[in-house]
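What follows is the residue order along each chain.
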Amino acid sequence: VNWYEINTRLQIVPTGGTISALRIELTQAPGAGKSYAFTLMLNGSASALTCTVSGTDTTASDTSNSVAVVAGDTVEIRCTPSGTPASVRVRWSTIFAGTTSGESICLIQSPANLSATMYEPLQGLTGNFQTEAYVKCPIPTAGTFKKLYIRGNAGPGAGKTATFTLRKNGADTALTVSISDLTSTGSDTSNTVTVAPGDLVDYKLTQTSGGIMSNAGIAIVFVSDVDGESLLFGGIGPNVSRPSTTVANYKSIPSGDDWTTTEVNSQSLIQKCVILKMFVSLDTAPGASKSYKFDLRIEGADSGLSVTISGTSTTGY
C-alpha cells in the first residue's frame, strides 16, 4: 500500500449525489491478527462508508451505508493498517449516483507542480505531460461535459494565475477555470461541451511564469445521450511507459500506473455493470504488417470486447 500525506490525494466532487458500495480486494491477506481498514473520507473527516480486511481474508465490502455529497466536497480513501500487515496491492471501487438523473463524474488528481503548459487525461492519477498526444482520451459515446471543478492544495501564488481548460480534438473548449493568487478552488458551471464517438479529450493546464499550484484535483460531469452510460478511460501511465512490442501487456482501468507484463498487478475491481463501446487511440501507428490488439479482460480471460489497430492506422473501435 502506498501512503500519502493528507491533502495531497483529495479529489473534488463536481455535482451532488451519493457514494455507496465500497468494495476492497487485496492481492494477499494481511495475516493472522492483522488488518487494513478502508474509509471514505469526506471533507477531511471519516464517513460511515468503511470496511476492514482482516486475517486470511483478501476482500471486504460495505454495501449498507451511503454518503451524500454536494458540488465542492472533497473525497479520498483512507487506509489504516493494524498489526503490521503484509505489504499488498489494493483494488477498490465505489458507486456514484448523481442527484440529477444521467450525471456521472470523472475525477483525476494531478500531483506535480505546474510550471509550464501541461496536459492531463480525464481520469486517474497522472504526472503532467508536455506532450498532449500522450493523454488524449477517445470518447466512446455521444454526450455532454459540464461543471468543471478544480481544487488545488494551494493557490498559484500572489499575482499568479493557473488556468484549466477542457480540450476537444486538440483545441480549447469553452469549459475553463482560472484560479488566481492564493485562491485554491474554482469552477465553471455555465458552459457545456458536446462530444461524439471518436472525439479526443483532455485537459490543458497553464500557469503564469513562476506560479506553482500543486496537487490539483480536477473533476467534470458527463451526461451521455444514452441514459445510464458513463465513461471509463485508460491510457498511458505517469512515467510515459509504452507497452512491450513482443509480449502481452496489461493496464488498469482507469489507469494510474504503468504497463506491466504481470496481469494481477493491473487488475481493477469493478461494480456490477455492462461494459461496451471500446475505442482506442495511439499516438503512433504500429507500422506496415504490424498491429496492436487490445482486449478487455475479466477475471483473467478475454471478454470478447476487443480492438485491433494495424498498419498506418492510429485509431480503432
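Residues numbered from 1 in each chain as written. Predicted model: local features only at pLDDT ≥ 70, side-chain atom pairs only at ≥ 80, totals over all residues. Heavy atoms only, no water.

Quick word on the sheet that holds strand β2 (residues 17-26)
(1) Moving on: Strand order across the open sheet formed by 3 strands is β5-β2-β7, with antiparallel pairing between neighbours. On the outer flanks of this sheet lie β5 (59-69) and β7 (90-98), each paired with one strand and no other. On average, each strand axis in the sheet is inclined to that of its neighbour by 15°, with strand direction left out of account.
(2) Moving on: Bridge analysis of β2 against β7 gives 8 bridges, and the strand direction is antiparallel. Counted as the bridge partner of threonine 18 is alanine 97 from β7. (Pairing = 2+ DSSP bridges. Helix = DSSP H or I, 4+ residues; strand = E, 2+ residues; numbered from the N terminus. Axes fitted to C-alpha atoms, helices over the stretch in contact; angles between N-to-C directions.)

Considerations on a nonpolar patch on the surface
(1) Moving on: Among the surface-exposed residues, Leu232, Ile253, Ile270 and Ile275 lie close enough to one another that they form a single nonpolar patch of about 330 Å² accessible area.
(2) Moving on: Following the sequence through the fold, isoleucine 270 ends up in the loop between β17 (216-224) and β18 (280-281). (Patch = residues over 30% accessible without salt bridge, like charges linked within 9 Å, V, L, I, M, F, W, Y side chains within 5 Å. Areas by Shrake-Rupley, 256 points an atom, 1.4 Å probe, with all protein chains shown as cover. Salt bridge = Lys/Arg side-chain N within 4 Å of Asp/Glu carboxyl O.)

A few points about the environment of phenylalanine 222
(1) Moving on: Mapped onto the elements, phenylalanine 222 comes out in strand β17.
(2) Moving on: In this structure, the C-alpha to C-alpha distance between phenylalanine 222 and leucine 148, residues 74 residues apart in sequence, is 10.0 Å.
(3) Moving on: Each residue touching phenylalanine 222, except ones within four places of it in the same chain, is listed here: Gly102, Glu103, Ser104, Thr141, Ala142, Gly143, Thr144, Phe145, Val195 and Leu231. (Contact = heavy atoms within 4.5 Å.)

What about the environment of leucine 276?
(1) Moving on: Residue placement: leucine 276 occurs in the loop between β17 and β18.
(2) Moving on: Residue leucine 276 is classed as partly exposed on the basis of its relative accessible area, which comes to 45%.
(3) Moving on: In this structure the C-alpha to C-alpha distance between leucine 276 and proline 140, which are 136 residues apart in sequence, comes to 8.7 Å. (Buried < 20%, exposed > 50% of the residue type's maximum accessible area, 1.4 Å probe, protein only.)

Thoughts on the sheet that holds strand β6 (residues 74-82)
(1) Moving on: If you walk across this open sheet you meet the 4 strands as β1-β6-β3-β4, and the pairing is antiparallel. On the outer flanks of this sheet lie β1 (11-12) and β4 (45-55), each paired with one strand and no other.
(2) Moving on: Inspection of the sheet shows strand β3 (residues 31-42) paired to β6 by 8 bridges, in the antiparallel sense. Bridging from a neighbouring strand, phenylalanine 38 pairs with cysteine 79 of β6.

Observations regarding the pattern of salt bridges
(1) Moving on: By the definition in use, this model includes 10 salt bridges.
(2) Moving on: In this structure, arginine 167 and glutamate 132 form a salt bridge, with 2.9 Å as the shortest nitrogen-oxygen distance. Of this pair, arginine 167 sits in strand β13 (residues 157-168) while glutamate 132 sits in the loop between β10 (124-125) and β11 (137-138), and the two are 35 residues apart along the sequence.
(3) Moving on: For arginine 167, a relative accessible area of 9% corresponds to the buried category.
(4) Moving on: Judged by relative accessible area, which is 11%, glutamate 132 ranks as buried.

Here we look at the confidence of the model for the protein
(1) Moving on: Residue-level pLDDT values for the protein average 89, and 89% of them are 70 or greater.
(2) Moving on: Element-level pLDDT for the protein is lowest in β10, with a mean of 64, against a maximum mean of 98 in β5.
(3) Moving on: For the stretch residues 1-8, pLDDT sits under 50, and the model shows 14 contacts to residues farther than four places along the chain or on other chains. (pLDDT = per-residue confidence, 0-100.)

Structural notes on the environment of asparagine 43
(1) Moving on: Tracing the chain through its elements places asparagine 43 in the loop between β3 and β4.
(2) Moving on: A residue is classified by how much of its surface remains accessible, and asparagine 43, at 43% relative accessible area, is partly exposed.
(3) Moving on: Sequence spacing of asparagine 43 and glutamine 11 is 32 residues, and the spatial spacing of their C-alpha atoms is 9.7 Å.
(4) Moving on: Here the side chain of asparagine 43 touches aspartate 73 through a polar contact of 3.0 Å, side chain to side chain. (Polar contact = N/O pair within 3.5 Å; in protein donor to acceptor, adjacent residues only side chain to side chain.)

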